[in-house]
Amino acid sequence: MDVQQFDRLKNVSAKSFNDQKALIKKVLAGRDIACKQCGTFIRVTLPEDKKITGLFCAKGCTNIALDFVL
Ligand SMILES: [Zn+2]
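Residues numbered from 1 in each chain as written. Predicted model: local features only at pLDDT ≥ 70, side-chain atom pairs only at ≥ 80, totals over all residues. Heavy atoms only, no water.

Asker: Whenever I open this one, the overall build of the chain confuses me. Can you help?
Answerer: Across its full length, the chain holds 1 helix and 3 strands. In the chain, the succession of helices and strands from N to C terminus is α-β-β-β. For the chain, the proportion of its 70 residues judged to be buried stands at 20%. Pairs at least 24 apart in sequence give 19% of the contacts found in the chain among residues at least 6 apart. (Helix = DSSP H or I, 4+ residues; strand = E, 2+ residues; numbered from the N terminus. Buried < 20%, exposed > 50% of the residue type's maximum accessible area, 1.4 Å probe, protein only. Contact = heavy atoms within 4.5 Å.)

Asker: How should the sheet that holds strand β2 (residues 54-56) be read in this particular structure?
Answerer: Through backbone hydrogen bonds, the strands of a sheet pair up, either in parallel or in antiparallel fashion. Read across the sheet, 3 strands follow the order β1-β2-β3 without closing on themselves; strand pairing throughout is antiparallel. On the outer flanks of this sheet lie β1 (43-45) and β3 (63-65), each paired with one strand and no other. This sheet shows a mean twist of 20° between the axes of neighbouring strands, independent of strand direction. Here β2 pairs with β3 via 3 bridges, running antiparallel. Looking at β3, one finds that Phe-56 is bridged to Asn-63. (Pairing = 2+ DSSP bridges. Axes fitted to C-alpha atoms, helices over the stretch in contact; angles between N-to-C directions.)

Asker: Help me understand the pattern of salt bridges in this model?
Answerer: Pairing between side chains of opposite charge can happen when their charged atoms approach one another. Using the criterion set out here, one finds 1 salt bridge in the structure. Measuring nitrogen to oxygen at the nearest pair gives 3.1 Å for the salt bridge that ties Asp-19 to Lys-15. Of this pair, Asp-19 and Lys-15 are both found in helix α1 (residues 3-28), 4 residues apart, which corresponds to roughly one turn of the helix. Take Asp-19: its relative accessible area is 40%, and that puts it in the partly exposed class. (Salt bridge = Lys/Arg side-chain N within 4 Å of Asp/Glu carboxyl O.)

Asker: Would you take a moment to explain the coordination of the zinc ion for this structure?
Answerer: When a metal carries six donors in an octahedron, the ideal angles between them are 90 or 180 degrees, while four donors in a tetrahedron ideally lie at 109.5 degrees. Protein coordination at the zinc ion comes from Cys-35 (SG), Cys-38 (SG), Cys-57 (SG) and Cys-61 (SG), with a distance range of 2.2 to 2.3 Å. Donor residues binding the zinc ion come from one chain and are separated in sequence as C-x2-C-x18-C-x3-C. Within this pair, whereas Cys-38 is found in the loop between α1 and β1, its partner Cys-57 is found in the loop between β2 and β3, the two being separated by 19 residues in sequence. Judged by relative accessible area, Cys-57 falls into the buried class, the value being 6%. (Donors = N, O, S within 2.8 Å, 3.2 Å for Na, K, Ca; no water.)

Asker: Any chance you could explain α1 here in plain terms?
Answerer: Side chains three or four residues apart in an α-helix point the same way, a direct result of the helix having 3.6 residues per turn. Helix length check: α1, at 26 residues, gives a terminal C-alpha distance of 37 Å against a target of 38 Å (1.5 Å per residue), a fit within 8%. Sitting at the head of α1, Asp-2 places a side-chain oxygen 3.1 Å from the backbone nitrogen of Gln-4. (Expected span 1.5 Å × (residues − 1). Polar contact = N/O pair within 3.5 Å; in protein donor to acceptor, adjacent residues only side chain to side chain.)

Asker: Quick question: what am I supposed to make of the side chain of Thr-62 here?
Answerer: Checked against the element boundaries, Thr-62 lands in the loop between β2 and β3. Ignoring anything within four residues of it in the chain, the contact list for Thr-62 reads Cys-35, Ile-42, Leu-55, Phe-56 and Cys-57.

Any link to function would need more than the numbers given here.
Quick look at the structure:
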């Protein structure tokens, strides 16, 4: 992998990280956001419900752990 390829990869992951943060903000603000893959609404789970705090859709294809965000 050369330096240019590495820079491109870095930009892609930074963008998806920002997309993820934007998604998390919307869901935490109470907006109904549908999973891009299965179309079910994404819910926040809190430690009372599950061991991991995170955002999950009904089918589990959206699965974002919040440890690194909060
Ligand atoms: Zn899904």
